[in-house]
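Observations on the three-dimensional arrangement
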Amino acid sequence: MNLDGLNDMQKRAVKQTEGPVLIIAGAGSGKTRVLTYRMAYLIDECGVEPYNILAITFTNKAAAEMRERVDNVVSCGNQIWVSTFHSTCVRILRRYIDRLGYDTNFTIYDSDDQKSVVKEACKKLNIDTKMLKERTIMSAISSAKDEMITPGEMLVNAGNDYNLKRIANVYKEYQKNLKLNNALDFDDLIFKTVELFDQDEEVLKAYQDRFRYIMVDEYQDTNNVQFRLISKLAGRTGNLCVVGDDDQSIYKFRGANIGNILNFETAFPGAKVIKLEQNYRSTQTILNAANEVIRNNIGRKDKTLWTSNSEGDKINFSIYEDAYKEAEGVVEGICASVRDGWNYNDVAILYRTNAQ
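Read on for a plain summary of the structure. (Residues numbered from 1 in each chain as written. Predicted model: local features only at pLDDT ≥ 70, side-chain atom pairs only at ≥ 80, totals over all residues. Heavy atoms only, no water.)

With that settled, the discussion passes to the overall build of the chain. The helix and strand inventory of the chain stands at 15 helices and eight strands. Seen along its three principal axes, the alpha-carbon backbone of the chain occupies a region of about 65 × 60 × 35 Å. The buried share of the chain, taken over its 356 residues, is 46%. By sequence separation, contacts in the chain at least 24 residues apart represent 75% of the contacts at least 6 residues apart. Side-chain charges of the chain comprise 46 positive and 50 negative groups, with the mean position of each set lying 4 Å from the other. (Helix = DSSP H or I, 4+ residues; strand = E, 2+ residues; numbered from the N terminus. Buried < 20%, exposed > 50% of the residue type's maximum accessible area, 1.4 Å probe, protein only. Contact = heavy atoms within 4.5 Å. Lys, Arg positive; Asp, Glu negative; His and termini not counted. Charge placed at Lys NZ, Arg CZ, Asp CG, Glu CD.)

As structure tokens, then:
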């Protein structure tokens with residue numbers, strides 16, 4: 001297989017096929033390309049059946065892009081199981097959830113369905129949803145499921161916290177209602193799959209035998225239940241390759257646990273760590289600035305992005321006394337650029353929240 005288009009570290013990542021592997025992939029370092037070539041390398045050079053490869057991404061769009069790239073490199077790429085965490089779990093549960101006492105034609109509730117069930121549970125428990133909002137309860141239940149905490153455990157953990165006790169009681173009623181309606185919510189999909197693996201050795205062994213090589217993208221965004229799922233699946237062969245960048249971890253508010261990537265070598269002893277530090281997207285000036293900023297973070301894996309691209313223009317940085325002055329400054333900057341011959345569509349504005 002021709003790997004001439006890859007740099008040395010990318011080639012190393014592609015060829016390191018056995019055992020646990022952590023690929024620290026800086027921004028713009030070609031990680032999707034590496035994952036794609038790695039799958040093709042497993043098939044063409046190592047004789048692995050496509051059927052035995054599982055690639056997990058975070059979005060359907062990323063899964064579709066990866067599948068398309070694999071298809072371009074290797075002819076039988078469509079046989080590789082490329083999907084999101086939730087899609088993977090739905091496929092497993094559609095076959096085996098009857099072993100947990102559900103029917104395999106279960107319904108998946110959306111947020112409106114969930115809200116209705118929570119509202120009903122609150123009514124039954126005489127909880128005023130003006131005082132304790134449905135959204136607050138739903139968020140607490142979702143967080144509990146990310147940690148694989150059951151209603152009973154939440155009640156014990158609540159101690160003397162009155163509100164948390166009430167939420168735990170709603171959680172118990174909520175789960176009872178879902179089971180009665182043969183329904184799962186979005187968080188249940190992974191929770192119930194891990195529960196299935198915990199309780200049924202036969203099912204776990206079947207999937208461990210099938211998925212002999214597992215790859216996970218955006219590993220810095222995984223939460224605890226996703227970590228449990230991956231650990232279970234990779235528990236037999238140990239051939240787990242995760243790709244991520246602790247410096248790009250921004251989803252703590254959604255339950256992401258940066259410890260999963262920082263402690264990978266502890267969780268999977270003997271793991272090989274490969275760093276992709278060559279950037280193909282930015283100028284060196286931008287990378288120097290980014291490196292200097294991120295270096296101040298506590299608890300990160302050391303890396304320094306570099307590029308063979310040009311030095312690039314200097315970065316302009318302005319501080320304004322308030323948001324209105326900032327907006328005026330941005331508009332004036334755009335107008336000045338347009339007067340210099342730019343088009344409006346040459347300009348991009350990035351902002352932190354939609355409110356801005």
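Still more ground to cover, so stick around.
Attention now moves to the packing of helix 5 (residues 111-124) against helix 8 (residues 162-180). Running from amino to carboxyl end, helix 5 crosses helix 8 at an angle of 120°, the nearest separation of the two axes being 9 Å. One finds that helix 5 runs oblique with respect to helix 8. Along this stretch, helix 5 crosses helix 8, giving a crossing that reads as right-handed. Counting all contacts with helix 5, which are made through Q114, V117, V118, E120, A121, C122 and K124, the residues of helix 8 involved are V170, E173, Y174, N177 and L178. Of the residues in the contact of helix 5 with helix 8, the class split is seven nonpolar, two polar and three charged. (Axes fitted to C-alpha atoms, helices over the stretch in contact; angles between N-to-C directions. Parallel < 35°, antiparallel > 145°, perpendicular 65-115°, else oblique. Left-handed = near helix turned anticlockwise from the far one by under 90°. Nonpolar A, V, L, I, M, F, W, Y, C, P; charged D, E, K, R; others polar.)

For any two helices packed against each other, the geometry comes down to the angle between their axes and how far apart the axes lie. The N-to-C vectors of helix 1 (residues 8-15) and helix 2 (residues 31-44) enclose an angle of 45°; their axes lie 8 Å apart at closest approach. The pairing of helix 1 with helix 2 is recorded here as oblique in orientation. Classified by chirality, the crossing of helix 2 by helix 1 is right-handed. Across the interface between the two elements, Q10, A13, V14 and K15 from helix 1 touch V34, Y37, R38 and Y41 from helix 2. Taken together, the residues that form the contact of helix 1 with helix 2 break down as five nonpolar, one polar and two charged.

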